[in-house]
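# Tertiary structure, described
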Amino acid sequence: MAQNFLPKRLPNLFLVLALATAIYSAKATNLKETNLSLYFPDILAPGATSSTVIPVAGVASKAQTFTQFGIVFVTDDFITESADPNPLEVGRAQYMYMTAGLDRLNSHVMISIVFTNKEYSGSTLEIQGVSKQFEVVREVSVVAGTGKFRFARGYATFETYSYHVATHAVIRCNVTVQHY
Ligand SMILES: *[C@@H]1O[C@H](CO)[C@@H](O)[C@H](O)[C@H]1NC(C)=O
Ligand SMILES: *[C@@H]1O[C@H](CO)[C@@H](O)[C@H](O)[C@H]1NC(C)=O
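Read on for an overview of the structure.

What counts as what
Residues numbered from 1 in each chain as written. Chains lettered and ligands numbered in written order. Predicted model: local features only at pLDDT ≥ 70, side-chain atom pairs only at ≥ 80, totals over all residues. Heavy atoms only, no water. Helix = DSSP H or I, 4+ residues; strand = E, 2+ residues; numbered from the N terminus. Buried < 20%, exposed > 50% of the residue type's maximum accessible area, 1.4 Å probe, protein only. Contact = heavy atoms within 4.5 Å. Areas by Shrake-Rupley, 256 points an atom, 1.4 Å probe, with all protein chains shown as cover. Phe/Tyr/Trp six-rings, centres within 6.5 Å; stacked < 30°, edge-to-face > 60°. Patch = residues over 30% accessible without salt bridge, like charges linked within 9 Å, V, L, I, M, F, W, Y side chains within 5 Å. Salt bridge = Lys/Arg side-chain N within 4 Å of Asp/Glu carboxyl O. Near = heavy atom within 4 Å. Polar contact = N/O pair within 3.5 Å; in protein donor to acceptor, adjacent residues only side chain to side chain. Nonpolar A, V, L, I, M, F, W, Y, C, P; charged D, E, K, R; others polar. Core = buried A, V, L, I, M, F, W, Y, C linked by side-chain atoms within 4.5 Å.

Take the overall build of the protein next. The number of helices and strands found in the protein is one helix and nine strands. For the protein, the N- to C-terminal ordering of α and β elements is α-β-β-β-β-β-β-β-β-β. Burial statistics for the protein: of 180 residues in total, 32% are counted as buried. Put simply, of all contacts in the protein between residues at least 6 apart along the chain, 44% involve residues at least 24 apart. In the form shown here, the protein has an accessible surface area of approximately 11,200 Å², with 60% of it arising from carbon and sulfur atoms.

Moving on, we come to the side chain of Gln133. As for its placement among the helices and strands, Gln133 is situated in the loop between β6 (124-132) and β7 (137-146). On the basis of relative accessibility, which here comes to 16%, the residue Gln133 falls in the buried class. What Gln133 contacts, discounting residues up to four positions off in sequence, is Phe66, Thr99, Arg104, Leu105, Asn106, Ser107 and Arg138.

This part takes up the packing of aromatic side chains. According to the stated counting rule, one finds 11 aromatic pairs in the structure shown. Between Phe66 and Phe73 the ring centres are 5.0 Å apart and the planes differ by 35°, which places this aromatic pair in the tilted class. An aromatic cluster is present here, built from Phe40, Phe66, Phe73, Tyr95, Tyr97 and Phe158 joined pairwise through their rings.

A contiguous nonpolar patch, built from Ile54, Val56, Val74 and Met96 and spanning about 300 Å² of accessible area, is present on the exposed surface. Mapping Val74 onto the fold places it in strand β3 (residues 72-80).

For ligand 1, the full set of nearby residues is Glu33, Asn35, Tyr155 and Thr176. One nitrogen or oxygen atom from the side chain of Glu33 is found 2.8 Å from a nitrogen atom belonging to ligand 1. Asn35 places a side-chain nitrogen or oxygen 2.4 Å from an oxygen atom of ligand 1. Notes on ligand 1: free accessible area 370 Å², of which the protein chains cover 35%. Classifying every residue of the shell around ligand 1 by side-chain character gives one nonpolar, two polar and one charged.

This part takes up the site of ligand 2. Taken together, Ser37, Val137, Thr157, Glu159, Arg172 and Asn174 form the complete shell of residues around ligand 2. Note that an oxygen atom of ligand 2 is positioned 2.9 Å from one of the side-chain N or O atoms of Ser37. Separating an oxygen atom of ligand 2 from a side-chain N or O atom of Asn174 is a distance of 2.4 Å. Against a free-state accessible area of 360 Å², the protein chains account for coverage of 48% of ligand 2. Elements represented by at least two residues in the shell around ligand 2 include exactly β8 (153-164) and β9 (168-179).

By size, the foremost hydrophobic cluster in this structure holds 28 residues, and its most contacted members are Leu38, Phe40, Ile113, Leu125, Ile127, Phe158 and Val175. Looking at this core, the elements that each hand over two or more residues are β1 (32-43), β3, β4 (89-99), β5 (106-115), β6, β7, β8 and β9. Dropping the residues within four chain positions of it, Leu125 is found in contact with Leu36, Ile111, Ser112, Ile113, Phe115, Val142, Ala144, Gly145, Phe149, Ala152, Val175 and Val177.

Our focus in this paragraph is the environment of Val175. Examined against the element boundaries, Val175 turns out to sit in strand β9. Not counting residues within four places of it along the chain, the set of residues in contact with Val175 comprises Thr34, Asn35, Leu36, Leu38, Leu125, Val142, Tyr155 and Ala156.

Below, the discussion takes up the pattern of salt bridges. One pass over the structure, following the stated rule, counts three salt bridges. One salt bridge in this structure joins Arg172 and Glu159, with 3.1 Å as the shortest N-O distance. Of this pair, Arg172 sits in strand β9 while Glu159 sits in strand β8, and the two are 13 residues apart along the sequence. Three or more residues joined by partner-sharing salt bridges are found here, namely Asp76, Glu89 and Arg92.

Taken by themselves, the reported measurements are silent on function.
As structure tokens, then:
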């Protein structure tokens, strides 16, 4: 029984594999690549109504700082396409991040970029992974997207673009994504 079964089924398996490979490579060539440079002005003033970042969980009696293992922050930053003093908002970065390394060096970030500008309005990008928070350039994976960024995959780099006396930092985020 098994001897009859094998020779009949195997060619089918190869056909399926060959087809799958052909479909995969046809699709892969249709991928577009998009590079974006986005600026996140983080307003850090604690307690200020303009503050865009708040700690939502921490460790009782421990300071609410980025260097506290277990702390969780929620942020809603507007995103601009340049670092001008009065730049145009192109979207929001709505995210959560937590200091997830016992050595306090690594932060785990989950960032939704929600575009509101004309070109990408209604589209989103999801950035998720470890951010080595004390490195000059932090690279995090882009794992998914919607709208114009369906099936997005790629990477994003974060770097502090400017920093003003602990109340206002501008982060530059360069995104390279492949998508349909
Ligand atoms: C996007 O940026 C990467 C890295 O700088 C570069 O290699 C690539 O050619 C760029 N792609 C496009 C479409 O500009
Ligand atoms: C981000 O992109 C800008 C150009 O838009 C470039 O000057 C800068 O070096 C890039 N940063 C990184 C970390 O690649």
